Amino acid sequence: MATGTPELQPPKFPSVKSLSESSALTSIPSSYTFTTDPSQHTALYPKDSIPVIDFSLLTSGNPDQRSKAIQDLHRACEEWGFFMVINHGVAESLMKGMIEACRGFFDLTEEEKGEFEGKPVLAPIRCGTSSNTSLDKILFWRDFLKVLLHPQFHSLNKPPGFSEVSLEYSQRIKKVVEELLKGISKSLGLEEWYINKAMNMSSGLQVLVANLYPPCPQPEHAMGLPPHSDYGLLTVLTQNEVGGLQVQHQGKWFNVNLIPNSLLINIGDHLEVLSNGKYKSVLHRVVVNRKATRLSVLITNGPSLDTVVAPAPELIDESHPPAYFGMKFQETFTLSPTNKHHGKSILDQVRI
Ligand code: OGA
Ligand code: NI
């Protein structure tokens, strides 16, 4: 460093929560100004809602009901890449408890949360703001918490009860995902346990991601999360009553209107690779608003870190040549750390 130059302090990024709670805030700091074209945030309400899958039919002993549910699943995966699951058997109180536990975490003091800030990408527990404050050119109006739940369960000792509710939620969601992957295997013409086995789901990576989007004085200029697809096989989302999630469908943006107590599922990049592009991961984003705080809790479900994800040989033939190179799942976290939350950045690296 040249002598005489005052030493630069590393930039300090408060949580969006603390920023939003400072009463003086009438406009957003320029580091959050995402767009100057408010029309970019507008989205439609789908006339036919996002597809609905009845989990009780998918797991039914009646073969006709089951095959109808698998057909529905096939259509949902092919046409939208997003679907709501009803009658999934996860108790409403558990879903609400998980959301409240995450709210309790965000309500801890900045000092208490500080212990988990600035950690590397696969740290067992980490929290922060935006996506990666040292890489994001523009900051997102979002605070997050990430906890690794499987193959090793990591426990957060504050707020009280977080550990118990996250363990139970993790286990319940894992069962739902296992059944969905059985149905998805069938819907691709594969043997029922194909994906669970090929992806070593018994030691699969499961991560809890909690997102907090506080009220924003200039929502048309900020972005909660920019358009991106998720890594992994399936993401499972539950949320509080505040909307903001939008998904891309046939080139247009649609608002997600969740059926109360349903789980929202979307296809991740690695299922796109495994299915050789038959089922695609889908771009989605989050917009923010002036009045209410959105809180979402996602469980990402991927293969074990050492699994090589490549198009299933059974789905390759002369008219369907492999469309992706194989990649070790672990590489997801090193391939493109610079634009994790932009577009389909992981797939851009493995497309043939
Ligand atoms: C994500 C995501 C949506 C939401 O964290 O990858 O898409 O509603 N979140 O928070
Ligand atoms: Ni996402």
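Presented here is a report on the structure given in the accompanying data block. Residue positions are given per chain, counting from 1 as you read along its sequence in written order. Labels are handed out in written order, letters beginning with A for the chains and numbers beginning with 1 for the ligands. The predicted nature of this model means local features are confined to residues of pLDDT at least 70 and side-chain atom pairs, given and counted, to a pLDDT of 80 or more, with totals for whole chains, interfaces and linings taken over all residues. By convention in this description, side-chain values take in all heavy atoms of the structure and omit both hydrogens and water.

Topic: the site of ligand 1
Point 1. Near ligand 1 lie 13 residues; those nearest to it are Tyr-213, His-228, His-284, Arg-294 and Ser-296.
Point 2. The contact in question runs from an oxygen atom of ligand 1 to an N or O atom on the side chain of His-284, over 2.9 Å.
Point 3. Surface accessibility in these figures is a Shrake-Rupley result with a 1.4 Å probe; residues are shielded only by whichever protein chains are displayed. Within the complex, the protein chains bury 95% of what would otherwise be the 290 Å² of accessible surface of ligand 1.
Point 4. Numbering goes from the N terminus for both helices and strands, where a helix is a DSSP run of H or I of at least four residues and a strand is a run of E of at least two. For the shell around ligand 1, the secondary structure elements donating two or more residues are β5 (206-213), β6 (225-228), β11 (284-286) and β12 (294-301).
Point 5. Sort the elements by how many residues they give to the shell around ligand 1 and β12 lands first, with three residues.
Point 6. Residue type decides the class: Asp, Glu, Lys and Arg count as charged, Ala, Val, Leu, Ile, Met, Phe, Trp, Tyr, Cys and Pro as nonpolar, and the leftover types, Gly among them, as polar. Split by residue class, the shell around ligand 1 holds six nonpolar, five polar and two charged. Here, proximity means that at least one heavy atom of the residue falls within 4 Å of the molecule or strand. Polar contacts, as used here, are pairs of N or O atoms within 3.5 Å; protein pairs need one atom able to donate a hydrogen and one able to accept it. Residues neighboring in sequence count only if both atoms are side-chain atoms.

A look at the packing of helix α4 (residues 92-106) against helix α6 (residues 162-187)
A packed helix pair is summarised by two numbers, namely the angle formed by the two axes and the spacing between the axes.
Point 1. At a closest axis distance of 9 Å, the pairing of α4 and α6 adopts a crossing angle of 135°. Considered as vectors, α4 and α6 are oriented oblique to each other. Relative to α6, α4 is oriented so that their crossing is left-handed. Touching Leu-94, Met-95, Gly-97, Met-98, Ala-101 and Cys-102 of α4 are Phe-162, Val-165, Ser-166, Glu-168, Tyr-169 and Arg-172, all from α6.
Point 2. Tallied by class, the residues present in the contact of α4 with α6 amount to eight nonpolar, two polar and two charged. Each axis is a line fitted through C-alpha atoms, and for a helix only the stretch in contact is used; angles between axes span 0 to 180 degrees, taken between their N-to-C directions. Any angle between 65 and 115 degrees counts as roughly perpendicular, while under 35 counts as roughly parallel, over 145 as roughly antiparallel, and the rest as oblique. Handedness of a crossing is defined here by the sense of rotation of the near helix relative to the far one, left-handed for an anticlockwise turn of less than a right angle and right-handed for a clockwise turn. Contact between two residues is taken to exist if any of their heavy atoms lie within 4.5 Å; hydrogens are not considered.

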